[in-house]
Amino acid sequence: MSEFEPKIVAFVCNWCTYAGADLTGTSRIKYAPNVRMIRLPCTGRIDFMLLLKAFDQGADGIIVSGCHPGDCHYTAGNFHARRRWIIFRSALEFLGIDTRRVHFAWVSAAEGAKWAEFVNSVTDEIKKLGPYETYKKAVGAGIE
Amino acid sequence: MSRIGVFICHCGENIAGTVDPAKVAETAAKMPGVVYAVDYKYMCSDPGQNLIKDAIKEKKLTGVVVAACSPRMHEPTFRAASAEAGLNPFLCEMANIREHCSWVHEKTDATTEKAIELVRIMVEKVKRNRPLYPIKVPVTKTALVLGAGVAGIQAALDIANAGHKVALVEREPSIGGHMAQLSETFPTLDCSQCILTPRMVEVARHPNITLYTYSELESVEGFIGNFKVKIRKKARGIDETLCTGCGICSQKCPRKKIPSEFEAGLGLRPAIYVPFPQAVPNKPVIDRKNCTYYLKGKCRVCEKFCEKKAIRFDQKDEIIELDVGAIVAATGYDIKGTDFFPEYGYGKYPDVITGLQFERLASASGPTLGAIKRPSDGKEPETIVFIACAGSRDPAKGIPYCSKICCMYTAKHAMLYKHKVHRGKAYVFYMDIRAGGKMYEEFVRRAIEEDGVVYIRGRVSRIYEEDGKLVVKGADTLLGGEPIEIKADMVVLATAMVANKDAEELAQKLRVSYDPYHFLSEAHPKLRPVETNTAGIFVAGAVQAPKDIPEAVAQASAAAAKVAALFSSSELSREPVIAVVNRLPPPEYSTCTGCFLCEKACPYQAIEREEIRDKKGNLIKTVARINPGLCQGCGTCVALCRVKAIDLEGFTNEQVFAEVCSLG
Amino acid sequence: MKLGYYPGCSLKGSAREFDESILALAGRLDLHLEEVPDWNCCGSTAAHNLNHLLSLALPARVLALAERANLNEILVPCSACYNRLATAAYELGQDDALRAEVSGIIDMEYKGTAKVLNIIEALNKVFAEAGEIKIAKPFNHKVACYYGCLMVRPPKVVKFDRPEEPESMDELIKKIGGEPVTWAFKTECCGAGLSVSRTDLVCKLSGKIIENAVKAGADALVVACPMCHANLDMRRPDIEKFMGKKYPIPALYITQAIGLALGLDEKELGLHRHLVPVILPERAQPAGPEKAAQEKPAAGAEE
Amino acid sequence: MAEDHHPRPLREMLAERIVLLTQESVAKCYQCGKCSAGCPLADEMDYPPSQVLRMIQLGLPELDERALKSLSIWLCLACETCVTRCPQEVDLPKIMDFLRQESLRRGLAHPEAKNIISFHKAFLDSLKYTGKLYELGLIADYKARNPRSALQDVLTAPKLFFRGKLNPIPHLVKGRKEIAKIFERAAKKESKK
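These remarks concern the structure in this document.

### Examining the pattern of salt bridges
Going through the model one piece at a time under the given rule, you end up with 82 salt bridges over all chains. Between Lys404 of chain B and Glu551 of chain B there is a salt bridge whose closest N-O contact spans 2.6 Å. With Lys404 of chain B in the loop between strand 21 (383–390) and helix 13 (406–420) and Glu551 of chain B in helix 16 (residues 549–566), the pair connects residues that are 147 residues apart, well separated along the chain. Residue Lys404 of chain B is classed as partly exposed on the basis of its relative accessible area of 41%. Its salt-bridge partner being Glu20 of chain C, residue Arg273 of chain C comes within 2.7 Å of it at the nearest N-O pair. On the criterion of sequence distance, the pair formed by Arg273 of chain C in the loop between helix 13 (254–261) and helix 14 (288–301) and Glu20 of chain C in helix 2 (residues 16–28) is long-range, its members being 253 residues apart. Given a relative accessible area of 11%, Arg273 of chain C falls into the buried group. Judged by its relative accessible area of 19%, Glu20 of chain C is buried.

See the structure below:
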């Protein structure tokens, strides 16, 4: 096995970040292929059990990205997501989950380049942290 | 057992350049539930689409995944194709292997590997898709127009002429708004009332328009196409059906010294009054705050003289309930008074007046019958000073924004003054002249070149009285900031245009957002200028931002067009991507426990409380119900629901978790 | 009532009648004034013209000394000093780093607890506490209340009743049976700092002020600032030369006017120290008492 | 301001130094001229306040210098009228204070400002030693510096003296050493700006 290639799951909203990532494509900006995007109407839709599930499925890192404050297509969804995350984070920490592996961002439909940079920086950081063995051990579910 | 078809697009070299479509198809074919997988050069081309349609028919597909460009690009195309082949369009999903894969990664196995996973994610999702059907919402083809100034009048007439019913609500005793107060209008100098009053009469006569004057919006419920509104019809104190508008009551009323709102305080009116001669309707109201009868319990002079016996002292406010399909907010603006300028005398000098007051002075029907006389002693001012930006563009004491109309009306005022007082001297202190608009710049130049109005570029620091003159201390920045002192007989402040005092309250009633200055916000500053963020509610005129008459009228017609479009069919259909609260057979009825956390979180007030009762009508439990008309499908409630009683069609928990699991 | 007291240099010199009249009033209105120990000059115009830090440090020393002496409210009668002290307190209150720096310069910790009061604020406090004031001899004259610059501006620092056309001094005058005239130059600048170096300008500015007061029909100018008084009184000969016109109208300190109303002796109030003799025309129908009476509720309202 | 102890080149753009040392931005001014309109001495100045600010806004060395050479900055009475009425809340008096000090630092003060400056200097010098203002001494000192003004006030002074308004002997502050220290330290720090 050559260099460790982390598996990163991105939960993005349809209106800002998904479109932003589309722009990254149309402007042909290259970034790390490690990320898999799950499209949701709004970050407000994100049930944080999804994050646990993602780790469960062997994700080494997670990205949650939506509209900038005030730009939410649904006026306030992204704030709800943020508020809920603040609570959820402590829960994760309590469970002993490494919250450095969960990254939040605001990427608008106009920020194609920002998306690429963000994905790259997250990928690099997760590479530094290495595979999320501890979790896999913790849940005792050896994934491949 | 699901039968999924996977269609991989090369998009010429766009995808095939870095991803290996054949390999993707090959691997996809092996995915559980996939019965057919094929790659093709251009899936969006007719042959490509036929490939899908045929497969749906021949392979009896229960779901389709098209791995190609972004769904934001071609989802409609492929869903339509599926529909044509008899497959519910919502059983067709796209895997974005172009924008999110082939275009952003190098040509490596990893890239193809990613494409495959993107396909797998969608396969897992589409397996769990359910057929969905567009939501149909009935539309009540009646519009409510709030405010009967020029914008409200225009909107009402346009909607009515399109053949729809309109309820036009005006808080004042007469329609007409600020425009009715104006003397002449820039840049054509045609008399405001001459062009407005015919429209007012037309409104009154129009078979499709019901007029509610001296009335205000009480409450709004419901959603696009189906609003339920309450209107408070304030007690006029007269029986409108009997009153002929003869005006004897006003003539006989013993209390005549009440400052008239319509005359901007420069004229007087009795306690029972019609705001102005051309008022529509031409029926008086009793001003209960000033009527002797209400103050002292006796008088009733008007009652004695009214031949029709139309006076009703005991009349109460009336609440009128209406069903409307759309609402146009056209409640207009207010202006700052002269009293908030410390350096201009806190409004204590009677001869320092506002632009609106000048309009009344200049108006042929005004308190001076169009003669320019100063309020203090009725003398004709020999020297008059106009101060632009009085409160506008003044973050310290006024408002930071530009009121937009002042440059033009100030030029007009100066011009009118010169036309009426030929030997008089008119000075205008200004910072910039903003005369963008058809024939606007020309108009300002005319004031300067032909009518000899003197423009001085500089702000006025202070106004004080000395020897019966108003000393205006300004400066001319074009003379290098040299102090300029002008001894004037009258000063006109172009005071700032601001939102109505209760604009915020209105916005909250309508559930539309508003800016820091309490102007109502449009849905998009460029592309949706008359819609609000609440479907079915539109804005027209200065309620949204400072505007002059042409702009207000244009926006009003635009809003009317939007309403007409909304009313063009008796039903409107919406994407079925909305939240639903599950329903179960008794005894559960629903897993919803009725905590209503979702109620507060919902940005659209789409969550309702449904009471489940037994046959005898005893309450069993109260559960959440989502109003399909209001829900926009953000899913915030879904994530919030502790008992997973709510789910989002098209993005169900089952679907999303399946997507995540497919990564394993 | 007890207040800290910072007379400032001029009240110990060219404006000593201001000091004297304040002390006279204090005696009468049981106001106990405790002088800030070993106070120094506030630095006045000169300091903030030439050296910003100095213009903060000098007042800071005064305030720090006051804090040490547990004087948390200090009466600063001279508007110039008041403005310098208030400004220093404001600027140092805004910026902790700066406060630290200045504390270093003065070798004393300045906490920022001491509050400075101008003469009008102080008098209002005193009157409010005294409740009803016995007016022995209503100050029955038409008065132009002159506030000047430094007591009312800049609003964000001094927070006077209102920056343009202030009223609190007029209210005081009404309380003692006087009749404040409405005039336009309440807060125009008299030329203060340039009194010695550019007397010509001072004559021009102060001239306008006196002229407008006279036009408004005032028998007397009432001031609250030694600088203003110096320019309106001491500079009167120069002003009259400049304007080519005689102005007999006297300029009194607000404290002197009140003193007279309370029946204090002219000498006690230092009226004899003025260059322009304080001669006030007797007026018919003593509007004084009932005027004062009318003002009672107002006086109550101030508590 | 505390972080500005180290000396910095005086050649940099005036507008930037103003932001740095007074936290005031000249960019806020939109040249409405209200300050010039209300300034009691605008008509005496070589450049009215708004013009002085304008020069600095352009950020050109020669105009920066012209502003520092102007008489206006010395005539400014710090009466605070401008800032009280400025729609953009530009603290012009604060900027004027800075300009005066800067113009001295760069030795650009206007010749006609000579006696204004020497009066201020005389004032501070007498403070330095007495801690409190010694008017008689101040006047004497000032006249020594400006022979031309020698005759000015010769008529008023005696009148004041006999009214007990001029003290023959100075009041002295006990903590004179402290005062002197304060002067030194402040001077040192300011010169480094």
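### Considerations on the interface of chain C and chain B
Facing 9 residues of chain C, the contacting portion of chain B comprises 11 residues. Of the roughly 960 Å² buried where chain C meets chain B, counting both sides, 42% is carbon and sulfur surface. Inspection of the chain C/chain B interface yields 4 salt bridges. Residue Glu466 of chain B pairs with Lys215 of chain C through a salt bridge whose shortest N-O separation is 3.9 Å. Here the residues of the side of chain C that touches chain B are counted per class, giving 3 nonpolar, 1 polar and 5 charged.

### Quick word on the pairing of strand 21 of chain B
Residues and elements named next belong to chain B. Extensive coverage of strand 21 is indicated by the burial of 8 of its 8 residues. You can see the chain leave strand 21, run along helix 13 and come back into strand 22 (residues 425–430), and the turn it takes is right-handed. Across 5 bridges, strand 21 lies against strand 27 (residues 490–495) in parallel orientation. Looking at the pairing, Val385 lines up with Val491 of strand 27.

### Things to note about the state of the cysteines
One way to say it: the disulfide is the covalent bond shared by the sulfur atoms of two cysteines. Residues and elements named next belong to chain B. Counted under the stated rule, the structure contains 2 disulfides over all chains. Each sulfur in the disulfide pair Cys191 and Cys194 lies 2.0 Å from the other. The disulfide joining Cys191 to Cys194 has a torsion of about 100° about its S-S bond and is therefore right-handed. A relative accessible area of 23% places Cys191 in the partly exposed class.

### Observations regarding the environment of Asn96 of chain B
With respect to the helices and strands, Asn96 of chain B occurs in strand 4 (residues 92–96). Residue classification places Asn96 of chain B among the buried residues on the basis of a relative accessible area of 5%. For the pair Asn96 of chain B and Gly247 of chain B, spaced 151 residues apart in sequence, the C-alpha separation works out to 74 Å. Apart from residues lying up to four places away in sequence, Asn96 of chain B is in contact with Tyr18 and Asp22 of chain A together with Ala68, Cys69, Ser70, Pro71, Cys101 and Leu118 of chain B. A polar atom in the side chain of Asn96 of chain B sits 3.1 Å from the backbone nitrogen of Glu99 of chain B. Side-chain polar atoms of Asn96 of chain B contact the backbone nitrogen of His100 of chain B, separated by 3.3 Å.

### Some points on the sheet that holds strand 6 (residues 142–146) of chain B
Residue and element names in this part refer to chain B. Strand order in this open sheet of 5 strands is 10-7-6-18-29, and the pairing throughout is parallel. Only two strands of the sheet have a single partner each, and these edge strands are strand 10 (209–212) and strand 29 (537–539). The average undirected angle you get between the axes of adjacent strands in this sheet is 20°. Where strand 6 meets strand 18 (residues 326–329), 4 bridges bridge the pair, whose relative direction is parallel. From the neighbouring strand, Ala143 faces strand 18, where its bridge partner is Ala326. Contacting strand 6, strand 7 (165–169), strand 10 and strand 18, helix 7 (residues 150–161) runs over the sheet at an angle of about 165° to strand 7.

### With respect to the interface of chain C and chain D
On the chain D side, the residues contacting the 65 residues of chain C number 61 residues. When the area that chain C buries against chain D is broken down by residue, the three leading residues are Asn49, Leu50 and Val196 of chain C, summing to 12%. Here chain C is connected to chain D by 7 salt bridges. Put simply, Arg185 of chain D and Asp107 of chain C hold a salt bridge, and the shortest N to O gap is 2.9 Å. If you list the elements that add at least two residues to the side of chain C that touches chain D, you get helix 1 (9–12), helix 2, helix 3 (44–50), helix 4 (52–68), helix 6 (96–106), helix 8 (155–158) and helix 10 (199–215) of chain C. Of all the elements, helix 3 of chain C adds the most residues to the side of chain C that touches chain D, at 7 residues. Class assignment for the residues of the side of chain C that touches chain D results in 29 nonpolar, 19 polar and 17 charged.

The rules behind the values
- Residues numbered from 1 in each chain as written.
- Chains lettered and ligands numbered in written order.
- Predicted model: local features only at pLDDT ≥ 70, side-chain atom pairs only at ≥ 80, totals over all residues.
- Heavy atoms only, no water.
- Salt bridge = Lys/Arg side-chain N within 4 Å of Asp/Glu carboxyl O.
- Helix = DSSP H or I, 4+ residues; strand = E, 2+ residues; numbered from the N terminus.
- Buried < 20%, exposed > 50% of the residue type's maximum accessible area, 1.4 Å probe, protein only.
- Contact = heavy atoms within 4.5 Å.
- Buried area = accessible area lost by both parts, 1.4 Å probe.
- Nonpolar A, V, L, I, M, F, W, Y, C, P; charged D, E, K, R; others polar.
- Right-handed = clockwise from strand over helix to strand, strands pointing away.
- Pairing = 2+ DSSP bridges.
- Disulfide = S-S within 2.5 Å.
- Polar contact = N/O pair within 3.5 Å; in protein donor to acceptor, adjacent residues only side chain to side chain.
- Axes fitted to C-alpha atoms, helices over the stretch in contact; angles between N-to-C directions.

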